[in-house]
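Here is how the chains run, residue by residue.
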Amino acid sequence: MPPMADTEAVPSGVPASGPLGAGREAIAAHAWRDAFERLTEADRTSPLAPEDLESLALAAFFSAEPSVELDALERAQAGYEAAGESVRAASLAVHVARTQLFAGNMALARAWSRRAERLIGADGDTYAHGYLELLASEVSSGKGDLEAALAHAERAMAISSAAADADLTAFAQSNLGWLKLSQGEYEDGISLLEEASFAAVNGELTPFTSGVTACRTIGACRDMTDYRRAMEWIEATEKYCSRNNVDGFPGICRIHRAEVAAVGGAWERAEQELVRATSELVPYNMGPPLAEGAYSIGDIRRLMGDLEGAEAALRDAHQRGKSPQPALALVRLAQGNMRAAVRAIDTAVRDETWDRLARTRLLPAQAEIAIAAGDVAKARAAVDELAKISTGYPSPALEAGSHLAQGRVLLAEGDPARAIEELRASIRSWREVGAPYEIGRARVLLARALRAVDDEENADLELDAAIAEFRRLGARIDTAAAEAEQHEIAVRRSGPMTARRTFMFTDIVGSTRLAEALGDDTWERLLRWHDDTSRGLISHGGGVVVNSTGDGFFAAFESARSAVDTAIAIQRAMRDHRDDTEVELRVRIGLHTSDATQRGADYSGLGVHVAARIGALAGGGEIVASAATLEQAGDVAISAVRSEPVRGVTTPVEVATVAWD
């Protein structure tokens, strides 16, 4: 706060010259930076009147000077309170409370809210009471108390009508419209939001209120996946901001515009625009838009296959107050960390209890992850809820996503004919939206469904088209997966082939007991470390993970020596981790070299069966290898060779324990 001078403040209604007069003129002209500098200069000479302090706060906001903005608001509030203008003082107290609320300073927000109530009482019909009701509605919705949030929002609407305050009316309409939309009341919700936004872009509101209400409508359209409506409001808001020299909010519009561009497949351009827009918004201290921008950056990076960059951006979004789901759960799925993916998405769905639009973003991911984890029943429950919610929102993208999710589950349930209908409907709707990536995903599933009804020619057409689209978009993970599927189909058509490999089976001994002792969170972190370490060592050793098997892996190596060395490396990694953390993971490993039938990336036959049984013979911390593996591996330190009966095989198998410690 600047030092107080002996000179009294000049009331806002009195003509002023010098910096104060210039500052007032700049405010009227929306020359925000000039107003900020002139009013700051005037304040150093003589303390500003409360009205001019409000102007300074507004200029500070649009000049990205949040600390000065808050200081000016607090001083203006104190000035009004000292002058006995209780209603105005209470209104500014609510403004400060809301600023503190969005900054995450809950104690300060509550204190300022109580100050407002003390000044005007909890009940009344002044515009300040309306803002108090709006604040209470936002706090209640944040707590998940929808009934209280709606009651406060309705009260704010009633007060706004009586008070004839345009800004209060717009805020009330926007808040109530968003709540109604979240509950599936589409017509009432979108009407309220758009009425507020129309007043905003038509110049009927103050600049700050215009930006907030317009951005909320755009965000709601995005949440409904109504991208065409969102673009109309983005363009109208940008025109308003340009006419009124409004900075800050255009950055938010650029975030929304980039999100829409990403749906259309312009990922690199969208990411660059998001990074630029969020960087420019940092000085404005706009927490929610920054969180939205970080989430969008993370999701685009996920689609492009940059999983590390995606996770970093999603963690930033989480730190700024936005849930990183479902994108982070899908990152875990792409990383092969099934347990973490399931846990993340199920927790998010469980915690999101009342916002129906938020659930429409989570449920498709829950269905996809559940099917990958083999839980078709959970996937069915998710898509049924999604279909029920989607009927309340006339959005082509939401409809397309629901058809895609239904097709995915029907295919998993063994009903390819109905899956084909849903997936073709999904592709038609995604074309209407203009979402090439989603069309590609639907084509991959459609190809599988067509193949299941023996329509190989059309299945090939769909898969080829999907691969071409993924390549064009730069969707590296989807491209690799689709190409691998295409290769497996080609191998299958050429017939099975015989391959000689060294097969490895690993398993954690006593995993259930250890999970119970450690607790879910610690166990999940430990399991993730185990999975990442094992996968990394297998890959480094030249092996390929065929699939995961409970708490372990089934892998294939072309070299027996590489398989033995990798097994030793895994055991040593487990030992070193135990020494560092005092938590012991006891892993058993079995190795067997044999011919097997190879179909694509999968292996089957007696040799695989024997390898799995040898793995079961090992104890925790032990490597058991067959004589066939040891013979090909060369010089390996082992115990005495012994014969072990193997279930399903008539002749005992000669094995030995490999020394590694």
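Everything here concerns the structure above.
In what follows, the accompanying structure is described.

**Re the overall build of the protein chain**
And then number 1: Tallying secondary structure elements over the protein chain gives 30 helices and eight strands in all.
And then number 2: Each principal axis of the C-alpha atoms in the protein chain carries an extent, and together these give about 105 × 55 × 40 Å.
And then number 3: Looking at the protein chain as a whole, 51% of its 661 residues are labelled buried.
And then number 4: Considering only contacts within the protein chain whose residues lie at least 6 apart along the sequence, 62% involve residues at least 24 apart.
And then number 5: Summing over all exposed atoms, the protein chain offers an accessible surface of approximately 28900 Å²; the carbon and sulfur share of this is 50%.

**So, the side chain of Arg359**
And then number 1: Mapping Arg359 onto the fold places it in helix α19 (residues 356-372).
And then number 2: Not counting the four nearest positions on each side in its chain, Arg359 is found in contact with Val349, Glu352, Pro364, Glu385 and Ile389.

**What about the packing of helix α1 (residues 18-28) against helix α2 (residues 32-45)?**
Working note: a packed helix pair is described by the angle between its axes plus the distance between those axes.
And then number 1: Interaxial distance between α1 and α2 falls to 8 Å at its minimum, and their mutual angle equals 155°. Judged on the interaxial angle alone, α2 and α1 are roughly antiparallel. Both α1 and α2 take part in a crossing whose hand is left-handed. Of α2, the residues touching α1 (which contributes Pro19, Leu20, Ala22, Gly23, Arg24, Ala26 and Ile27) are Trp32, Asp34, Ala35, Arg38, Leu39, Glu41 and Ala42.
And then number 2: Taken together, the residues of the contact of α1 with α2 break down into nine nonpolar, one polar and four charged.

**Some remarks on the packing of aromatic side chains**
Describing an aromatic ring pair means giving the distance of the ring centres and the angle of the ring planes.
And then number 1: What the rule picks out here adds up to nine aromatic pairs.
And then number 2: Ring centres of Tyr131 and Phe171 lie 6.1 Å apart, and the angle between their planes is 75°; this geometry places the pair in the edge-to-face category. With Tyr131 in helix α7 (residues 127-143) and Phe171 in helix α9 (residues 166-182), this residue pair connects regions lying 40 residues apart in the sequence.
And then number 3: Residues Trp267 and Tyr437 carry aromatic rings whose centres are separated by 5.4 Å and whose planes lie at 65° to one another, so their mutual orientation is edge-to-face. Taken together, the positions of Trp267 in helix α14 (residues 267-281) and Tyr437 in helix α23 (residues 436-452) put the pair 170 residues apart, joining distant regions of the chain. An identical accessibility class is assigned to Trp267 and Tyr437; each is buried.
And then number 4: Clustering of aromatic rings is evident, with ring pairs tying together Trp32, Phe61, Phe62 and Phe208.

**Description of the packing of helix α22 (residues 416-433) against α23**
And then number 1: At their nearest, the axes of α22 and α23 sit 9 Å apart, and the two run at 160° to each other. As judged from the angle between their axes, α22 and α23 are roughly antiparallel. The way α22 lies across α23 gives a crossing that is left-handed. Here Pro416, Ala419, Ile420, Leu423, Arg424, Ser426, Ile427, Trp430 and Arg431 of α22 lie close against α23, whose contacting residues are Glu438, Ile439, Ala442, Arg443, Leu445, Leu446, Ala449, Leu450 and Ala452.
And then number 2: The residue inventory of the contact of α22 with α23, partitioned by class, reads 13 nonpolar, one polar and four charged.

**Description of the layout of surface pockets**
And then number 1: One number sums up the size of the second largest pocket: a volume of about 1500 Å³.
And then number 2: Taken together, 34 residues form the lining of the second largest pocket, with Leu333, Ala334, Arg448, Ile477 and Ala481 sitting closest to its centre.
And then number 3: Put simply, the parts of the chain that give the lining of the second largest pocket at least two residues each are α15 (287-304), α17 (327-334), α19, α21 (396-412), α23, α25 (476-493) and β2 (544-549).
And then number 4: By residue number, the principal contributor to the lining of the second largest pocket is α25, which donates seven residues.
And then number 5: Here the residues of the lining of the second largest pocket sort into 19 nonpolar, four polar and eleven charged.

**Here we look at the nonpolar core**
And then number 1: Judged by nonpolar contacts, the single largest core of 144 residues is most densely connected at Leu181, Trp267 and Tyr393.
And then number 2: Looking at which element gives the most residues to this core, the answer is α23, with nine residues.
And then number 3: Setting aside anything within four residues of it in sequence, one finds Trp267 in contact with Ala262, Ile300, Leu303, Met304, Tyr437, Leu473, Gly474 and Ala475.
And then number 4: Core analysis: the next-biggest nonpolar cluster, separate from the first, contains 30 residues, Met504, Ala563, Ala633 and Ala656 among them.

**Some thoughts on the pattern of salt bridges**
And then number 1: Under the definition given, this model contains 60 salt bridges.
And then number 2: A salt bridge links Arg493 to Asp460, with the shortest nitrogen-to-oxygen separation between them at 3.0 Å. One end of the pair, Arg493, is in helix α25; the other, Asp460, is in helix α24 (residues 456-473), and 33 residues separate them in sequence.
And then number 3: Here Arg578 and Asp579 are joined by a salt bridge, their closest N and O atoms 3.2 Å apart.
And then number 4: Counted as one network, the salt bridges with shared partners bring together Arg222, Asp223, Glu259, Glu292, Lys322 and Arg361.

**A few points about the side chain of Ser534**
And then number 1: For Ser534, the location among the structural elements is in helix α27 (residues 520-540).
And then number 2: Not counting residues within four places of it along the chain, the set of residues in contact with Ser534 comprises Phe553, Ile570 and Met574.

**A short note on the environment of Pro652**
And then number 1: With respect to the secondary-structure elements, Pro652 resides in the loop between β7 (642-644) and β8 (653-657).
And then number 2: Separated by ten residues in sequence, Pro652 and Arg642 have C-alpha atoms that sit 9.5 Å apart.
And then number 3: The contacts of Pro652, once residues within four sequence positions are left out, are Ser643, Glu644 and Pro645.

**So, unusual backbone geometry**
And then number 1: Pro326 follows Gln325 through a cis peptide bond whose omega is 10°.
And then number 2: Tracing the chain through its elements places Pro326 in the loop between α16 (307-319) and α17.
And then number 3: We note that Ala64 has phi near 60°; this positive angle belongs to a residue other than glycine.
And then number 4: Following the sequence through the fold, Ala64 ends up in the loop between α3 (50-62) and α4 (66-82).
And then number 5: Ala64 gets classed as buried once you look at its relative accessible area, which sits at 17%.

**Comments concerning the environment of Ala277**
And then number 1: For Ala277, the location among the structural elements is in helix α14.
And then number 2: Owing to a relative accessible area of 0%, Ala277 belongs among the buried residues under this scheme.
And then number 3: On a C-alpha basis, the gap between Ala277 and Gln598 in space is 51 Å, while along the polypeptide they are 321 residues apart.

**Here we look at the pairing of β8**
Each regular strand shows side chains that alternate between the opposite faces of the sheet.
And then number 1: Where burial is concerned, most of β8 is hidden: four out of the five residues are buried.
And then number 2: Judged from the three bridges that link them, strand β6 (residues 623-626) and β8 form a sheet pairing that is antiparallel. Note on β8: the bridge partner recorded for Ala625 is Ala656.
And then number 3: Sheet topology note: the β7/β8 ladder contains three bridges and is antiparallel. Its bridge partner being in β8, Glu644 is matched across the sheet by Val653.

Conventions used here
- Residues numbered from 1 in each chain as written.
- Predicted model: local features only at pLDDT ≥ 70, side-chain atom pairs only at ≥ 80, totals over all residues.
- Heavy atoms only, no water.
- Helix = DSSP H or I, 4+ residues; strand = E, 2+ residues; numbered from the N terminus.
- Buried < 20%, exposed > 50% of the residue type's maximum accessible area, 1.4 Å probe, protein only.
- Contact = heavy atoms within 4.5 Å.
- Areas by Shrake-Rupley, 256 points an atom, 1.4 Å probe, with all protein chains shown as cover.
- Axes fitted to C-alpha atoms, helices over the stretch in contact; angles between N-to-C directions.
- Parallel < 35°, antiparallel > 145°, perpendicular 65-115°, else oblique.
- Left-handed = near helix turned anticlockwise from the far one by under 90°.
- Nonpolar A, V, L, I, M, F, W, Y, C, P; charged D, E, K, R; others polar.
- Phe/Tyr/Trp six-rings, centres within 6.5 Å; stacked < 30°, edge-to-face > 60°.
- 1 Å grid on protein atoms, 1.4 Å probe; cavity = no way out; pocket = protein on both sides within 12 Å on 5 of 7 lines; lining within 4 Å.
- Points joined across faces, edges and corners; volume = space filled by probe spheres on them.
- Core = buried A, V, L, I, M, F, W, Y, C linked by side-chain atoms within 4.5 Å.
- Salt bridge = Lys/Arg side-chain N within 4 Å of Asp/Glu carboxyl O.
- Pairing = 2+ DSSP bridges.

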